[in-house]
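Structural features, examined
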Amino acid sequence: MRQQVILQLLPILVLLAIAGVQSFPSNSSAAIKGTRAINSGFKKFHIVTYDQKNWHDALQSCHLYGMEFAAIESAQDNFEALRVIQSAGLSNQKVWTGGNDLAIEGFFSWVTTGTPFSFQYWANGQPDNLQDSQHCVYYNHLYGRLWDDENCNLKFFFLCEMRY
Ligand SMILES: [Ca+2]
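Overview of the structure. Everything numeric in this text was worked out from a predicted model, so none of it was measured. As a convention, each chain's residues are numbered from 1 in the sequence order in which they are written. Restriction of local features to residues with pLDDT of at least 70 applies here, the model being predicted, together with a cutoff of 80 or more for giving and counting side-chain atom pairs; totals for whole chains, interfaces and linings are based on all residues. Excluding hydrogens and water, the side-chain figures rest on all heavy atoms present in the structure.

**Brief notes about the nonpolar core**
Cut-off, in case you're wondering: Side-chain atoms within 4.5 Å are what join buried Ala, Val, Leu, Ile, Met, Phe, Trp, Tyr and Cys residues into a set we call a nonpolar core. When a residue's accessible area, from a 1.4 Å probe over protein chains only, is under 20% of the maximum for its type it is buried; when over 50% it is exposed; and in between it is partly exposed. Counting from the N terminus, the helices are DSSP H or I runs at least four residues long and the strands are E runs at least two residues long.
Ranked by size, the top nonpolar core spans 23 residues in total, and within it Ile47, Ile72, Tyr139, Trp147 and Leu159 carry the most contacts. Those elements giving two or more residues to this core turn out to be strand E2 (43-48), helix H3 (75-87), strand E6 (136-140) and strand E8 (157-163). Among the elements that take part in this core, H3 stands out by supplying 4 residues, more than any other. Counting residues in hydrophobic clusters, the runner-up holds 15 residues, among them Phe69, Tyr138, Cys152 and Cys160.

**Here we look at H3**
We count it as follows: Every helix has an expected span of 1.5 Å times one less than the residues it contains. By the convention used here, residues are in contact when the closest approach between their heavy atoms is within 4.5 Å.
Look at H3: 18 Å from first C-alpha to last across 13 residues, which is about the 18 Å you get at 1.5 Å a residue. Among all positions in H3, only Asp77, Asn78, Glu80, Ala81, Leu82, Val84 and Ile85 are buried. The inward-facing, buried residues of H3 abut strand E1 (35-40), E2, strand E4 (95-100), E6, strand E7 (146-150) and E8. Downstream of H3 by one or two residues, Gly89 has phi in the positive range, about 75°.

**Structural notes on the pattern of salt bridges**
Put simply, the rule is: Salt bridge, as applied in this entry: a Lys or Arg side-chain nitrogen positioned within 4 Å of an Asp or Glu carboxyl oxygen.
In total, this model carries 7 salt bridges according to the counting rule given. Glu73 is paired through a salt bridge with Arg163; the nearest N and O atoms lie 3.2 Å apart. Here Arg163 lies in strand E8 and Glu73 lies in the loop between strand E3 (68-69) and H3, a separation of 90 residues in the sequence. You can call Glu73 partly exposed: its relative accessible area is 23%. The class for Arg163 is partly exposed, based on a relative accessible area of 33%. Several salt bridges converge on common partners, so that one network encompasses Lys43, Glu73, Asp77, Glu161 and Arg163.

**A closer look at the coordination of the calcium ion**
Our working rule: Metal coordination here is assigned from N, O and S atoms located within 2.8 Å of the ion, or within 3.2 Å for Na, K and Ca; omission of water means that sites may look incomplete. The geometry test gives tetrahedral to four donors whose angles all lie between 85 and 135 degrees, gives square planar to four donors and octahedral to six donors whose opposite members are over 155 degrees apart with all other angles between 65 and 115, and gives irregular to the rest.
Protein ligation of the calcium ion involves Gln126 (OE1), Asp128 (OD), Gln134 (OE1), Asp148 (OD), Asp149 (O) and Asp149 (OD), the donor distances falling in the range 2.3 to 2.5 Å. Taken together, the 6 donor atoms coordinating the calcium ion and their angles of 65 to 149° define a geometry best described as irregular. Written as a sequence motif, the donor arrangement for the calcium ion is Q-x1-D-x5-Q-x13-D-D. Highlighted residues: Gln134 in the loop between strand E5 (109-110) and E6 and Asp149 in strand E7, separated in sequence by 15 residues. The exposure classification of Gln134 matches that of Asp149, with both residues buried.

**Section: the state of the cysteines**
In protein chemistry, a disulfide is the covalent bond that joins the sulfur atoms of two cysteines. Going by this rule: The disulfide criterion used throughout: a pair of cysteine sulfur atoms within 2.5 Å.
Under the definition given, this model contains 2 disulfides. Cys136 shares a disulfide with Cys152; S-S distance 2.0 Å. With the S-S dihedral at roughly 95°, the linkage between Cys136 and Cys152 falls on the right-handed side. On the criterion of sequence distance, the pair formed by Cys136 in strand E6 and Cys152 in the loop between E7 and E8 is long-range, its members being 16 residues apart. Here the two residues Cys136 and Cys152 agree in accessibility, since each one is buried. Indicated for the protein is the disulfide connectivity 1-4, 2-3, based on numbering the bonded cysteines in sequence order.

Quick look at the structure:
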């Protein structure tokens, strides 16, 4: 009896599964589970809500998703990036950006564009390159979600961007 019910339900379950797949967005970036995206002019920021990586692995992850590591190049970018972090429920987490001074100490640029920082959102007293080991830039919730430089090997959430 129980098996019969399951057999009768099987076609319905299959149909539901197919409908679920078909309703999934065809855009590859939108299909990444757990991301939140918000437009910022010509780009859209995404944050992967289930994974924390060191800065270099985060860079690779953005590329694997067909995106770039986020460059925060304007007040609007910054506003939208903060909105993505908030909407993802990660307001109390540390979040990597693509900012770094790995090439030359003290000269920060965006890894995606190679351009030096124009817009800046540093926390008071940052960047401080503490213990001469901080070369990657993240949103630090402990400093009001302003920018801070930190050791690139630490694992944080990370922002990617899709350009249009
Ligand atoms: Ca620092």
